[in-house]
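# Observations on chain architecture
Here's the letter readout for the chains.
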Amino acid sequence: MKKKSTFLKFLLFVGILLTINFVGRAQFAGPDQEVCANSTTLTATPGVPPGNWTLISGSGTIANPTSTTTSVTGLGLDNNIFRWTDQQGSDSVIITNNSVTADAGADMSVSTNFATLNANIPSAQGASGMWTNVNGGGTFANPTLYNTVVNYLKNGSNTLRWTLTKGICSASDDIVVTATYPVPDAGTDQIVCTDTTYLNATPIAGGYWENLSLTAVFLDDNTLFNARVFVLDPLYNTHEFVWHANGLTDTVAITNKEVIATNTTEVFPVCDFVSLSGNQTISGEYGFWLVNTTAVIQDPTNYLTTAFNLEPGINRFYWTIDNGFCSDIDSVDVPSNKIIADAGPDGESCDNTFNLTGSDPAPGMGMWTIVFGG
């Protein structure tokens, strides 16, 4: 009876130990892991030896299979399952390798402000991709597409980054796109003295003009770098035109400073004076009268003035307006019926006769009268 009692006590002791060990070793192969490399460390909870690690699925080389804590290398992508087995049982751990490799493609040079990119395909690794700007310029048509088009590159170097993401893991690679393309130049600002002019931008393929003025119109195709335009309102209005090319713009201003002089003097035969009438000037303009005879203009800078001492025949009066950039002139012919009487030179006579030689009165008539003597 004594031996039987001792044996029962031993079994009870072993049972208690086993119960305590199994209860305290839930998931004793260690927690599942997500890693971003092809190696990691396996860590099992020590139990009743001997124990060992085995590969269930995936790939990996266990450095020390009989050690509860050991390194494993050569992990395959995605899930790799390892099992730890000892005298108390077995448990498995899943090592998920979400490492990714990004390849943005080879550096490139372009002669435009856009380029087509060619990175590696993210879906081949079960990942997602995203393009971002590092420096320079560029707008991606679809930033998640590996072979997207990037527009609006800056002249010079543009560094673009392709990033792949899978789980907690990510990897990036950069590409340098060197863009060399002409920058739009709309030409120098113009001051014109007429209502039409030619624009003069740098010729660039695909370039086009935009009209910002409500009182100007294109007389040519707006894709011509030297398009002809009609600029209305000659009251010093400024018209702006924008030259678009390669995603960039430049603006030129056309100021119409055309002046118009109008001589409104009424024309009819006069004798010695005439009232002159021109259109009135505005601020910034200067008007003045000129004449092609010896007639005298009373106030040459007044658009309403008088001229006297007209010469017989045609007197041509000019009304001119000038603003420092543009000028215009208008003329009017004023006929004068003024008659100048000339009795001729004095003389002597040795008898009672003398030949008088007065000026020709035509188209009027003349008459001699005796002032003194007989």
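Just so it is clear, the structure is predicted and the values come from calculations on it, not from any experiment.

A count of helical and extended segments in the chain gives one helix and 27 strands. Whereas a compact globule of 374 residues would reach a radius of gyration of roughly 21 Å, the chain reaches 53 Å, over 25% beyond that. When burial is assessed residue by residue, the chain has 31% of its 374 residues classed as buried. A sequence separation of at least 24 residues applies to 54% of the contacts in the chain between residues at least 6 apart. When the accessible area of the chain is evaluated, it comes to approximately 21,800 Å², of which 56% is carbon and sulfur surface.

With that out of the way, let us pick up the packing of aromatic side chains. For any pair of aromatic rings, geometry is given as the distance between the ring centres together with the angle between the planes. As enumerated under the stated definition, the model contains seven aromatic pairs in all. Taken together, the aromatic side chains of Trp131, Phe140 and Trp162 make up a single cluster linked through ring pairs.

Glancing now at unusual backbone geometry. Of the consecutive residues Pro49 and Pro50, the connecting peptide bond is found in the cis state with omega at 0°. You can see Pro50 is positioned in the loop between strand 2 (39–43) and strand 3 (52–57). The backbone phi angle of Asn246 is positive, close to 55°, even though this residue is not glycine. Positive phi values are uncommon outside glycine, yet Asn309 reaches one of about 55°. Inspection of the secondary structure assignment puts Asn309 in the loop between strand 25 (304–308) and strand 26 (313–322). Looking at Asn309, the relative accessible area reads 37%, which means it is partly exposed.

Glancing now at the sheet that holds strand 9 (residues 115–116). One open sheet accounts for three strands, arranged 9-12-11; its pairing is antiparallel. Each having just a single partner strand, strand 9 and strand 11 (139–140) make up the two edges of the open sheet. Here strand 9 pairs with strand 12 (residues 149–151) via two bridges, running antiparallel. What sits directly across from Thr116, in strand 12, is Val149.

Moving on, we get to a nonpolar patch on the surface. Nonpolar side chains collect at one region of the surface, where Phe273, Val296 and Phe308 lie side by side and expose about 260 Å² of accessible area between them. Structurally, Phe273 can be placed in strand 22 (residues 273–277).

So, about the nonpolar core. By size, the foremost hydrophobic cluster in this structure holds 20 residues, and its most contacted members are Leu117, Trp131, Val150, Leu153, Leu160, Trp162 and Val177. Among the elements that take part in this core, strand 14 (residues 169–179) stands out by supplying four residues, more than any other. With 16 residues, the next largest nonpolar core counts Val274, Leu276, Trp289 and Leu310 among its residues.

Moving on, we get to the side chain of Thr96. Relative to the helices and strands, Thr96 resides in strand 7 (residues 89–97). Every residue in contact with Thr96, bar those within four places of it in the chain, is listed here: Gln33, Glu34, Val35, Asp78 and Asn79.

Glancing now at the sheet that holds strand 17 (residues 208–211). Pairing within the open sheet is mixed, and its four strands lie in the order 15-21-20-17. For this open sheet the edge positions go to strand 15 (190–192) and strand 17, each flanked by a neighbour on one side alone. Averaged over all adjacent pairs, the angle separating strand axes in this sheet is 25°, with direction ignored. Judged from the eight bridges that link them, strand 20 (residues 238–245) and strand 21 (residues 248–256) form a sheet pairing that is antiparallel. Bridge pairing in strand 21 places His244 opposite Thr249.

In the structure shown here, the tally under the stated rule is two disulfides. The disulfide partner of Cys36 is Cys169, and the gap between their sulfur atoms is 2.0 Å. Since a negative S-S torsion denotes a left-handed disulfide, the Cys36-Cys169 link at about -90° is left-handed. On the criterion of sequence distance, the pair formed by Cys36 in the loop between strand 1 (33–35) and strand 2 and Cys169 in strand 14 is long-range, its members being 133 residues apart. A relative accessible area of 40% places Cys36 in the partly exposed class. The disulfide bridge from Cys193 ends at Cys326, spanning 1.9 Å between sulfur atoms. Across the S-S bond linking Cys193 and Cys326, the dihedral sits near -80°, which makes this disulfide left-handed. In this pair, Cys193 sits in the loop between strand 15 and strand 16 (196–198) while Cys326 sits in the loop between strand 26 and strand 27 (327–336), placing the two residues 133 residues apart along the sequence.

The next subject is the environment of Ile254. Of note, Ile254 is situated in strand 21. C-alpha separation for the pair Ile254 and Val229, spaced 25 residues apart in sequence, amounts to 9.8 Å.

Of note, Leu248 is situated in strand 21. On the basis of relative accessible area, Leu248 is assigned to the partly exposed category, the value being 32%. Each C-alpha atom, one on Leu248 and one on Asn113, is 9.4 Å from the other, the two residues being 135 residues apart in sequence. Ignoring anything within four residues of it in the chain, the contact list for Leu248 reads Tyr181, Val183, Pro184 and Trp243.

How each quantity is defined
- Residue numbers run consecutively from 1 along every chain, following the written order of its sequence.
- The predicted origin of the model limits local features to residues at a pLDDT of at least 70 and limits the giving and counting of side-chain atom pairs to 80 or more, whereas totals for whole chains, interfaces and linings rest on all residues.
- Note that the side-chain values use all heavy atoms of the structure and ignore hydrogens as well as water.
- Secondary structure is summarised from DSSP: a helix means a run of H or I of at least four residues, a strand means a run of E of at least two, and numbering begins at the N terminus for each.
- Throughout, radius of gyration means the C-alpha value; the globule benchmark is 2.2 Å times the number of residues raised to the power 0.38.
- Relative accessibility under 20% of the residue-type maximum defines a buried residue, over 50% an exposed one, and the middle range a partly exposed one, all with a 1.4 Å probe and only protein chains included.
- The contact criterion used throughout is that any non-hydrogen atoms of two residues lie within 4.5 Å.
- Only the protein chains shown count as covering a residue, and every accessible area follows the Shrake-Rupley method with a 1.4 Å probe.
- In summary, the pairing rule links any two rings of Phe, Tyr or Trp, Trp by its six-membered ring, whose centres are within 6.5 Å, and it sorts them by plane angle into stacked for under 30 degrees, edge-to-face for over 60 and tilted for everything else.
- A pair of strands counts as paired when DSSP detects no fewer than two bridges linking them.
- Grouping into patches uses exposed residues only, defined as over 30% relative accessible area, and leaves out salt-bridged ones; the cut-off is 9 Å for like charges and 5 Å for nonpolar side chains (Val, Leu, Ile, Met, Phe, Trp, Tyr).
- For this document, the term salt bridge refers to a Lys or Arg side-chain nitrogen within 4 Å of an Asp or Glu carboxyl oxygen.
- We define a nonpolar core as any set of buried Ala, Val, Leu, Ile, Met, Phe, Trp, Tyr and Cys residues linked to one another through side-chain atoms lying within 4.5 Å.
- Lines fitted to C-alpha atoms define the axes, with helix axes restricted to the stretch in contact, and inter-axis angles between N-to-C directions lie between 0 and 180 degrees.
- Any two cysteine sulfur atoms lying within 2.5 Å of each other are counted as a disulfide.

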